[in-house]
Amino acid sequence: NSTQDTLIIGKKVIYLPTCHSTNDIAAEIVHAGLFEEGTVVITDNQVKGRGQRGTAWNANAGENLTFSVVLTPRFLPIQEQFLISQVTALAIRAYLGSYVPDTKVKWPNDIYMNNRKAVGVLIENSLQGTRYSTSIVGIGVNINQAVFENNHATSLARETGSAFSLAEEFHKLLKYLDAYYVRLRSGFQNDAIRNEYLSHLYGYQQDVKFIHKGNLTKGSVTDVTQLGKIRIKLATEPEELEFGLKEIEWVK
Ligand code: BTN
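Draft legend 1. Main features of the sheet that holds strand β13 (residues 240-243). The 5 strands are arranged β13-β12-β11-β10-β14 in an open sheet whose pairing can be described as antiparallel. The open sheet has two edge strands, β13 and β14 (248-250), and neither has a second partner. Pairs of neighbouring strands in the sheet enclose a mean axial angle of 50°, with direction left out of account. Judged from the 4 bridges that link them, strand β12 (residues 230-234) and β13 form a sheet pairing that is antiparallel. Within β13, the position partnered with Ile 232 by the bridge is Leu 241.

The structure is reproduced here in structure tokens:
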């Protein structure tokens, strides 16, 4: 099972009808040495999907895309690791943006369509010395799911009113992921990637609300650092502040 029209991502695709978490299966495949760069593990029924900040990722069986890509970005110094998040988010955004114009990246790498979350990404890196050995990029895209437990989530079908072939959408998305990763590997696009990320970022140079230390806080996003921290100019303070993943939570 593979796709021939990409350079790296999806040359080898491992399909499992059901599994716990594709990120965990990808990690097992890496440990067993059974992968090449770009190997993808995909399932129709992920029963124990993991999300950021230790949350669970629930996706209805057979309705959505849940898969993980194994990358070996040895060319990337570890302090530049946020670029992997950035190219992943940009690729998925460009793919969904081809259907729905209002598709934004919400820091660090969630994708929102018409202000509702349609995609979650969980990237897990392992290092060898000061370089990457592997980066497992886990992606969950809501494609055909029509009913959601909360009103802040959505799917491609819900935003467009049509149903989609999962196989076709999977191959389209792999092409976007491959093209952006090839750009990153070229080594001379890093600034362009960072600028493109900012241009699609929720709250960039706009008023946003978030929770910080338990308080509702207002500000506008001014930048994202090389290490992936978000810089926000608070409404109440003259200085911009930097926040890591555990320090802020967006208000929905
Ligand atoms: C989040 O928004 O919190 C991230 C969700 C990431 C979900 C994907 S689905 C495929 C891969 N396998 C997992 O267990 N998680 C990721």
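More follows now that the structure is in view.
Draft legend 2. Region of interest: the environment of Asp 110. With respect to the secondary-structure elements, Asp 110 resides in strand β7 (residues 110-113). Separated by 77 residues in sequence, Asp 110 and Gly 187 have C-alpha atoms that sit 25 Å apart.

Draft legend 3. Looking closely at the domain arrangement of the chain. For the chain, the domain assignment lists domain 1 (13-199) and domain 2 (207-250). Spacing between the C-alpha centres of domain 1 and domain 2 amounts to 24 Å. Domain 1 puts 9 residues into the contact, and the matching count from domain 2 is 7 residues. Elements with a minimum of two residues in the side of domain 1 that touches domain 2: α2 (82-97) and α5 (190-199). Across the side of domain 1 that touches domain 2, the residue classes break down as 5 nonpolar, 2 polar and 2 charged.

The rules behind each value
Residues numbered from 1 in each chain as written. Predicted model: local features only at pLDDT ≥ 70, side-chain atom pairs only at ≥ 80, totals over all residues. Pairing = 2+ DSSP bridges. Helix = DSSP H or I, 4+ residues; strand = E, 2+ residues; numbered from the N terminus. Axes fitted to C-alpha atoms, helices over the stretch in contact; angles between N-to-C directions. Domains from an automatic or database assignment. Contact = placed C-beta atoms within 7 Å. Nonpolar A, V, L, I, M, F, W, Y, C, P; charged D, E, K, R; others polar.

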